[in-house]
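In case you want the letters, here they are:
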Amino acid sequence: PAAVLSGIAQAARNGVLIKGGAHLENLGAVKVMAFDKTGTLTQGRFAVTDVLPLDGAGPGEILSLAAAAEQQSNHPLALAVVQEAQAQGLDLPAANGLQNVPGMGVISEIDGRPLLIGSPELLRSENGEALPADVMQVVEALEAAGKTTMLVSYGSRLLGVLGLADRPRSGVRQTMQELLDLGIEKLVLLTGDNEAVAQQIGRLVGVTDVRAELMPGDKVTAVRELQQQYGDVAMTGDGVNDAPALATATVGIAMGGAGTAVALETADVALMADDLGQLPFAVGLSRASRRIIMQNLAIALLVIGFLILSSVLGWLALSGTVI
């Protein structure tokens, strides 16, 4: 319909790429919107705020080893560690390979010894034993302050804990309120971060529900559960880990500027200026397009019904109604 073509064109002029008429209509029907945290609701630009040594290690040793492995990654956390090491002028040893463990961290190797960087779950799964209580207290204290934590283990030694902080995007709370004003019933934060950090970010940005400590597969499960409860669901994300959830949602929305190629390819809608503030415009446009389409259908059916009735009752000749 002309309304669909007009809607897609209007969206493109305002920096929103909608990949088809069905996605335009579906976006206007959603009642629940789910969001990834890092790089979507937050800026995705972390900074190292704490380097807490353990087992006699020095802060420089912890940073240099972590940066040696993380320089092979483009994850926002990895970039923050590398930037901090470079700012301190540290020499980085040669790391051999990088294995990504989704939702937990990374594993590398330096001088034949394994280097683990990530969550307590990563160290427990690899080493097969629980972390000491004093280490967990350090982690919990950082997380209670709203920081993301990364444990650094080299060989058989737990060297220390890195604390990193991210900030919400500018204007994101207003964007969430505009979506609620448009009739979105539920705004859900889906993240792999720990519960304390996720809850704090959730309060800052204004979402209505927070689900934390999720693996990529858990995000898919969460989207499916929301679909069963509420019907159509939109998912907004920017990373490789978000791609399965974007594909599962009724409408997948990718951040066009900072989003990965996988997320952009999988998504049905892309915010090309990397501006979450375009989302209320896209939802409002989609709903307006749906209303116009329904109006056009109603008018067309009424006209057809009138012509049929006119021909049956003899008000108009059959040839006139056909024309």
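Provided above is the structure to which this section pertains.
If you're wondering where the values come from, they're calculated on a predicted model, not measured in any experiment.

Participant: Explain unusual backbone geometry here, please?
Facilitator: Most peptide bonds adopt trans geometry, and most residues besides glycine take a negative phi value. Phi at D55 is positive, roughly 55 degrees, even though this residue is not glycine. By secondary structure assignment, the location of D55 is in the loop between β3 (47-53) and α4 (59-70). The exposure class assigned to D55 is exposed, which follows from its relative accessible area of 51%. With a phi close to 55 degrees, D111 is a non-glycine residue in the positive phi region. Along the chain, D111 falls in the loop between β5 (105-110) and β6 (113-118).

Participant: Is there a simple way to think about the sheet that holds strand β1 (residues 16-18) in this case?
Facilitator: The pairing of strands in a sheet comes from backbone hydrogen bonds and takes either a parallel or an antiparallel form. Overall, mixed pairing links the seven strands, which are arranged β1-β13-β12-β11-β2-β9-β10 in an open sheet. Looking at strand neighbours, the two that pair on one side only are β1 and β10 (209-211), the edges of this open sheet. For this sheet, the mean angle separating the axes of adjacent strands, direction not counted, is 20 degrees. Looking at chain direction, strand β2 (residues 32-36) and strand β11 (residues 233-237) are connected through four bridges and run parallel. Bridged to F35 within β11 is T236.

Participant: Even after reading the chapter, I still don't get the environment of L116, so can you show me in this structure?
Facilitator: In this fold, L116 is placed in strand β6. In this structure L116 comes out as buried when scored by relative accessible area, which is 5%. Distance from L116 to A66, taken between C-alpha atoms, is 8.5 Å for residues 50 residues apart in sequence. Not counting residues up to four positions away in its chain, the partners in contact with L116 are V106, I107, L122, L123, E126, L151, V152 and S153.

Participant: What am I meant to see in the layout of surface pockets here?
Facilitator: Here the idea is plain: a probe the size of a water molecule rolls over the atoms and shows the empty space left. Roughly 190 Å³ of internal volume is contained in the second largest pocket. Lining the second largest pocket are L123, N127, E129, A130, L131, P132, V135, S153, G155, S156, R157 and L158. Mapped by element, the contributors of at least two residues to the lining of the second largest pocket are α6 (120-127) and β8 (157-165). Class assignment for the residues of the lining of the second largest pocket results in six nonpolar, four polar and two charged.

Participant: Mind showing me how you'd approach the sheet that holds β5 here?
Facilitator: Overall, antiparallel pairing links the six strands, which are arranged β3-β8-β7-β6-β5-β4 in an open sheet. Only two strands of the sheet have a single partner each, and these edge strands are β3 and β4 (98-101). Ignoring strand direction, the axes of neighbouring strands in this sheet form an average angle of 20 degrees. As paired strands, β4 and β5 are joined by four bridges and run antiparallel to one another. When the sheet's bridge partners are listed, L98 is paired in β5 with S108.

Participant: Help me out: how do you make sense of the pairing of strand β12 (residues 251-255) in this one?
Facilitator: Two faces make up the sheet, and in a regular strand the side chains alternate between them. Most of β12 is tucked away, with five of its five residues classed as buried. Judged by which residues are buried, β12 turns out to be covered on both faces: V251, I253 and M255 on one side and G252 and A254 on the other are all buried. The sheet contact formed by β11 and β12 spans four bridges and is parallel. Within the sheet, the bridge partner assigned to M235 lies in β12 and is G252. Here three bridges tie β12 to strand β13 (residues 269-271), and the two strands are oriented parallel to one another. Bridge pairing links A254 to A270 in β13.

Participant: Looking at this model, I keep getting lost on helix α7 (residues 133-144). Mind explaining?
Facilitator: Three or four residues apart is the spacing at which side chains of an α-helix point the same way, because the helix has 3.6 residues per turn. Look at α7: 16 Å from first C-alpha to last across 12 residues, which is about the 16 Å you get at 1.5 Å a residue. Every buried residue of α7 is accounted for by V135, M136, V139, L142 and E143. In a view along the axis of α7, the buried residues occupy a sector of 125 degrees, so they form one face of it. Exposed residues lying more than 90 degrees from the buried face of α7 are A133, Q137 and A144. Positive backbone phi, approximately 85 degrees, marks G146, located one or two places after α7.

Participant: When you look at the side chain of R287 in this model, what are you seeing that I'm missing?
Facilitator: Tracing the chain through its elements places R287 in helix α13 (residues 278-313). One buried charged side chain, R287, makes no salt bridge at all; its nearest oppositely charged neighbour is E185, positioned 7.7 Å away. Within the local environment of R287, its side chain forms a polar contact with the backbone oxygen of L182, the two atoms lying 2.3 Å apart. In contact with R287, not counting residues within four places along its chain, are G28, V30, L182, G183 and I184.

Participant: I tried to follow the pattern of salt bridges on my own but got confused; where do I start?
Facilitator: Oppositely charged side chains are able to pair whenever their charged atoms sit close together. With the rule as written, the count across this model stands at nine salt bridges. The salt bridge partner of R157 is D55, with a shortest N-O separation of 3.2 Å. In this pair, R157 is assigned in strand β8 and D55 in the loop between β3 and α4, connecting sequence segments 102 residues apart. Salt-bridge contacts for E61 lead to R157; the nearest nitrogen and oxygen are separated by 3.7 Å. Of this pair, E61 sits in helix α4 while R157 sits in strand β8; the two residues are 96 residues apart in sequence, bridging distant segments of the chain. Judged by its relative accessible area of 31%, E61 is partly exposed. What makes R157 partly exposed here is its relative accessible area of 28%. Through salt bridges with shared partners, a single network forms among D36, K219 and D242.

Procedures and definitions
- Throughout this document, residue positions are counted from 1 along each chain, in the order its sequence is written.
- Local features are withheld for residues below a pLDDT of 70 in this predicted model, meaning they are given only at 70 or higher, and side-chain atom pairs are given and counted only at 80 or more; totals for whole chains, interfaces and linings count all residues.
- Only hydrogens and water are set aside when side-chain values are computed; all heavy atoms of the structure are taken into account.
- A run of H or I in DSSP becomes a helix once it reaches four residues, and a run of E becomes a strand once it reaches two; helices and strands are each numbered from the N terminus.
- With a 1.4 Å probe rolled over the protein chains alone, any residue whose accessible area is under 20% of its type maximum counts as buried; one over 50% counts as exposed, and the rest are partly exposed.
- Strand pairing is assigned whenever DSSP identifies at least 2 bridges connecting the two strands.
- Here an axis means a line fitted to C-alpha atoms, over the contact stretch when the element is a helix, while the angle between two N-to-C directions is reported on a 0 to 180 degree scale.
- The contact rule is simple, with two residues in contact once any of their heavy atoms fall within 4.5 Å.
- Points on a 1 Å grid over protein atoms alone make up a cavity when a 1.4 Å probe fits among them but cannot get out, and a pocket when they form an open set with protein on both sides within 12 Å along at least five of seven lines; lining residues each have an atom within 4 Å of a point.
- Grid points are joined across faces, edges and corners, and a volume is the space filled by probe spheres set on the points.
- Nonpolar residues are Ala, Val, Leu, Ile, Met, Phe, Trp, Tyr, Cys and Pro. Charged residues are Asp, Glu, Lys and Arg, and all others, Gly as well, are polar.
- In this scheme, a helix's expected span is set at 1.5 Å multiplied by one less than its residue total.
- When we speak of the arc, we mean the arc of directions from the helix axis to the C-beta atoms.
- Charge convention: Lys and Arg are scored as positive, Asp and Glu as negative, and His as well as the terminal groups of each chain are ignored.
- Each salt bridge in this description consists of a side-chain nitrogen of Lys or Arg and a carboxyl oxygen of Asp or Glu lying within 4 Å of one another.
- Think of a polar contact as two N or O atoms within 3.5 Å of one another; within protein, one of them needs to be a possible hydrogen donor and the other a possible acceptor, and neighboring residues in sequence only count if both atoms come from side chains.

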